[in-house]
Amino acid sequence: MEIRDFARRVLESDNLAEKLQPIESPITDASPGVATRVELPARPPHLKFAGRKQAPLMPAPAAFRDPAKRAVAHHIMANHELQALEVMAFTLIAFPDTPAEFRRGMVQVMADEQRHTRMHVERLEEIGRSFGDFPVNGYFWLKAQEFQTPLDYLAGLPLTFEAGNLDHTLEFEQAFETAGDKKSAGIMRAIHRDEILHVAFGLKWLRAMKPDDQTDWDAYTRHLHWPLRPEKAQGKTFHRQPRLDAGMTDDFIDRVQHYSPDVGENRGI
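No experiment lies behind these values; they were computed from the predicted model shown.

**Student:** Give a detailed account of the overall build of the chain, specifying residues and quantitative values.
**Tutor:** Helix and strand counts for the chain come out as 10 helices and 0 strands. In sequence order, the chain lays out its α and β elements as α-α-α-α-α-α-α-α-α-α. The C-alpha atoms of the chain give a radius of gyration of 18 Å, which matches the 18 Å a tight globule of 269 residues would have. Dimensions of the chain along its principal axes, counting C-alpha atoms only, are 50 × 45 × 35 Å.

**Student:** Describe the side chain of Lys143, listing the residues and the values that go with them.
**Tutor:** Structurally, Lys143 can be placed in helix 5 (residues 139-144). What Lys143 contacts, discounting residues up to four positions off in sequence, is Phe161, Trp226, Pro227 and Leu228.

**Student:** Account for the nonpolar core, with residues named and values stated.
**Tutor:** One finds Met88, Met110, Phe131, Tyr153, Tyr220 and Met248 to be the most contacted residues of the largest nonpolar core, which totals 63 residues. If you list the elements that add at least two residues to this core, you get helix 1 (3-12), helix 3 (67-94), helix 4 (100-127), helix 5, helix 6 (150-178), helix 7 (182-209), helix 8 (216-222) and helix 10 (250-257). It is helix 3 that provides the largest number of residues to this core, a total of 12 residues. Setting aside anything within four residues of it in sequence, one finds Phe131 in contact with Leu16, His46, Leu47, His75, Ala78, Asn79, Leu82, Val121 and Leu124. Core analysis: the next-biggest nonpolar cluster, separate from the first, contains 13 residues, Phe172, Ala175, Ala179 and Ile187 among them.

**Student:** Lay out the pattern of salt bridges in plain terms, naming residues and giving numbers.
**Tutor:** If you walk through the whole model with that rule in mind, you get 22 salt bridges. For Asp181, the salt bridge goes to Arg123, with nearest N and O atoms at 2.9 Å. Here Arg123 lies in helix 4 and Asp181 lies in the loop between helix 6 and helix 7, a separation of 58 residues in the sequence. By the burial criterion, Asp181 is buried, and Arg123 matches it. The partner of Glu177 in a salt bridge is Lys182, with the nearest N and O atoms 2.7 Å apart. Via salt bridges that share partners, Arg70, Arg123, Glu126, Asp181 and Lys183 belong to a single interconnected network.

**Student:** Can you tell me about the environment of Glu126, naming the residues and giving the values?
**Tutor:** For Glu126, the position within the fold is in helix 4. On the accessibility criterion, Glu126 (45% relative accessible area) is partly exposed. For the pair Glu126 and Ala71, spaced 55 residues apart in sequence, the C-alpha separation works out to 9.3 Å. A polar atom in the side chain of Glu126 sits 2.9 Å from the side chain of Lys183.

**Student:** Tell me about the side chain of Arg9, and please be specific about residues and values.
**Tutor:** Secondary-structure assignment places Arg9 in helix 1. Filtering out sequence-adjacent residues up to four positions away, Arg9 remains in contact with Met1, Glu18, Gln21, Pro22, Ile23 and Glu24.

**Student:** Kindly report on the packing of helix 3 against helix 4, identifying the contributing residues and their values.
**Tutor:** At their nearest, the axes of helix 3 and helix 4 sit 8 Å apart, and the two run at 160 degrees to each other. Between helix 3 and helix 4, the crossing angle belongs to the class labelled roughly antiparallel. Relative to helix 4, the crossing made by helix 3 is left-handed. Of the residues in the contact of helix 3 with helix 4, the class split is 16 nonpolar, 7 polar and 5 charged.

**Student:** Could you give me a rundown of the environment of Leu40, with the residues and numbers involved?
**Tutor:** Here Leu40 shows up in the loop between helix 2 (16-19) and helix 3. Of the residues examined, Leu40 reaches a relative accessible area of 54% and is grouped as exposed. Residues contacting Leu40, with those up to four places away along its chain left out, are Phe49 and Trp141.

**Student:** Outline helix 1, listing residues and values.
**Tutor:** The buried fraction of helix 1 is high, at 7 of 10 residues. Restricting attention to buried positions, one finds in helix 1 the residues Ile3, Arg4, Phe6, Ala7, Arg9, Val10 and Leu11.

**Student:** Kindly report on the packing of aromatic side chains, identifying the contributing residues and their values.
**Tutor:** Under the definition given, this model contains 13 aromatic pairs. Ring centres of Trp217 and Tyr220 lie 5.7 Å apart, and the angle between their planes is 55 degrees; on these two criteria the pair is classed as tilted. Pair noted here: Trp217 and Tyr220 are both in helix 8, with a separation of 3 residues, about one helical turn. Across this residue pair, the class does not change: Trp217 and Tyr220 are buried. Plain terms: the ring middles of Tyr220 and Phe252 are 5.4 Å apart, the flat faces sit at 50 degrees to each other, and that makes the pair tilted. Here the residue Tyr220 occupies a position in helix 8, and Phe252 occupies one in helix 10, the gap between them amounting to 32 residues. For the residue pair Tyr220 and Phe252, the accessibility class agrees, reading buried in each case.

About the thresholds
Residues numbered from 1 in each chain as written. Predicted model: local features only at pLDDT ≥ 70, side-chain atom pairs only at ≥ 80, totals over all residues. Heavy atoms only, no water. Helix = DSSP H or I, 4+ residues; strand = E, 2+ residues; numbered from the N terminus. Rg over C-alpha atoms; globule rule 2.2 N^0.38 Å. Contact = heavy atoms within 4.5 Å. Core = buried A, V, L, I, M, F, W, Y, C linked by side-chain atoms within 4.5 Å. Buried < 20%, exposed > 50% of the residue type's maximum accessible area, 1.4 Å probe, protein only. Salt bridge = Lys/Arg side-chain N within 4 Å of Asp/Glu carboxyl O. Polar contact = N/O pair within 3.5 Å; in protein donor to acceptor, adjacent residues only side chain to side chain. Axes fitted to C-alpha atoms, helices over the stretch in contact; angles between N-to-C directions. Parallel < 35°, antiparallel > 145°, perpendicular 65-115°, else oblique. Left-handed = near helix turned anticlockwise from the far one by under 90°. Nonpolar A, V, L, I, M, F, W, Y, C, P; charged D, E, K, R; others polar. Phe/Tyr/Trp six-rings, centres within 6.5 Å; stacked < 30°, edge-to-face > 60°.

Written as structure tokens, this is what we have:
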């Protein structure tokens, strides 16, 4: 199956099962096509993006003892994973001239996002709710509309949203564990391991695509679009080891952890 056709199916199908259907082998990339920007992904009616502040907020960890609150958490995270999948499909179609190795790597990451979505949806159903029972937001997707280059994507999604998830996944694993929900905790543990690989993928390609005279940090910050900024790339508790495992340097990690914008700093980040 052509990579572009796979990306189009993710973006154009309004059937969740089709969106989550893995790419068929053999995988080919003979026709990346022309650069095309998709304004909104097709979704079934119950999963279309809701208006501002209509979707529920993530429950506090202490509330996870209530199965209803755990259901809301899985619902929000399922939508996050689905949006990540859609943003990756958007990137493949918007930037067809990226290297073939990058595009094939993206397909592998997308397979993880499909699996993560299914894991949350299945757990949600085991708790007694369905995906679409609550309104969902389109925050990740809306930020992707500001990506003008592949480096913007790398800075925004793998090195900010997924890097932040290196902390969030551990926070949610602990919250589920404390609530006695070992299965949900196991889901977060598995996703955490994948996120390390996803951040490593983003860092690898940031280094490959940036100018040689730019540091990792300069390339990263120059391609963030406000309100995305380095403090968005961390959770409440900062974990250093997963970032080292993803290949970040000590200097890069320190800059994220202790980020403080300079006076008069460009609001592009």
